[in-house]
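Survey of secondary and tertiary structure
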Amino acid sequence: MDPEVRVVVFGLAHTGHASFGGEPGPARLRAMLSRLLEASDADQRRSWLSDSVENSPITVDQVRAAFGDEVINDLAGYAQSSAVDVTWQLSALLPHLVDTLTPGGNLLRTSELRRELDAAAVAGDQTSGPFGPHLY
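These lines cover the structure that appears in this document, whether it is placed above or below.

Remarks on the nonpolar core
The biggest cluster of nonpolar side chains holds 31 residues, and the ones touching the most others in it are Phe67, Leu90 and Leu94. Secondary structure elements with two or more residues in this core: helix H1 (3–12), helix H2 (26–39), helix H4 (60–79), helix H5 (83–100) and helix H6 (110–127). Tallying contributions element by element places H4 first for this core, with seven residues. In this structure, Leu94 is in contact with Leu12, Leu33, Leu36, Val63 and Phe67, ignoring residues within four places of it in sequence.

A few points about the packing of H2 against H5
Running from amino to carboxyl end, H2 crosses H5 at an angle of 105°, the nearest separation of the two axes being 11 Å. In terms of orientation, H2 and H5 fall into the roughly perpendicular class. Taking contact as the criterion, the partners of Leu33, Leu36 and Leu37 in H2 are, on H5, Leu94, Leu97 and Val98.

Notes on the environment of Glu70
Considering the arrangement of structural elements, one finds Glu70 in helix H4. Sequence separation between Glu70 and Ala83 is 13 residues, and the spatial gap between their C-alpha atoms is 9.7 Å.

With respect to the pattern of salt bridges
By the definition in use, this model includes three salt bridges. The partner of Asp43 in a salt bridge is Arg46, with the nearest N and O atoms 2.5 Å apart. One end of the pair, Asp43, and the other, Arg46, are both in helix H3 (residues 42–49), three residues apart, so they sit about a helical turn from each other. In this structure Arg46 comes out as exposed when scored by relative accessible area, which is 52%. For Glu112, the salt bridge identified is with Arg109, shortest N-O distance 3.6 Å.

Brief notes about H5
Across its 18 residues, H5 extends 24 Å between first and last C-alpha, which sits within 8% of the 26 Å expected from 1.5 Å per residue. Within H5, the axis deviates most sharply at Leu93, by approximately 40°, and proline Pro95 lies no more than four positions further along. Buried within H5 are the following residues: Val86, Thr87, Leu90, Ser91, Leu93, Leu94, Pro95, Leu97, Val98 and Asp99.

About the criteria used
- Residues numbered from 1 in each chain as written.
- Predicted model: local features only at pLDDT ≥ 70, side-chain atom pairs only at ≥ 80, totals over all residues.
- Heavy atoms only, no water.
- Core = buried A, V, L, I, M, F, W, Y, C linked by side-chain atoms within 4.5 Å.
- Buried < 20%, exposed > 50% of the residue type's maximum accessible area, 1.4 Å probe, protein only.
- Helix = DSSP H or I, 4+ residues; strand = E, 2+ residues; numbered from the N terminus.
- Contact = heavy atoms within 4.5 Å.
- Axes fitted to C-alpha atoms, helices over the stretch in contact; angles between N-to-C directions.
- Parallel < 35°, antiparallel > 145°, perpendicular 65-115°, else oblique.
- Salt bridge = Lys/Arg side-chain N within 4 Å of Asp/Glu carboxyl O.
- Expected span 1.5 Å × (residues − 1).
- Bend = angle between axes of the 7 residues up to and from the residue.

Now the structure itself:
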């Protein structure tokens, strides 16, 4: 996983907002992706959940609407970036992330997400130096 993408994904899993439910980490990431799916339009959702259709894009305004400024600002702090840059990164990343984490159209369970994040952390340790395994 690209180090920048990795920081955003791990940051998304750790924003400190109880409104998304779940403990920080895989449960929080799952809750945030569920919120995104609920906030997306039907065509976007179908494309992201399908294994055979190209992913529809999401706009920065939709990202802001799904997560809110407080989450975006927290994520920007985590990623040591600006809120504008993080929102653009999310708009580019989220359709692919949702597609990847919904094999067969179903969002991975928390335990499965934990395994995926663990595998990404191990792979990242071998290639990205300061982005160590203990991000969650």
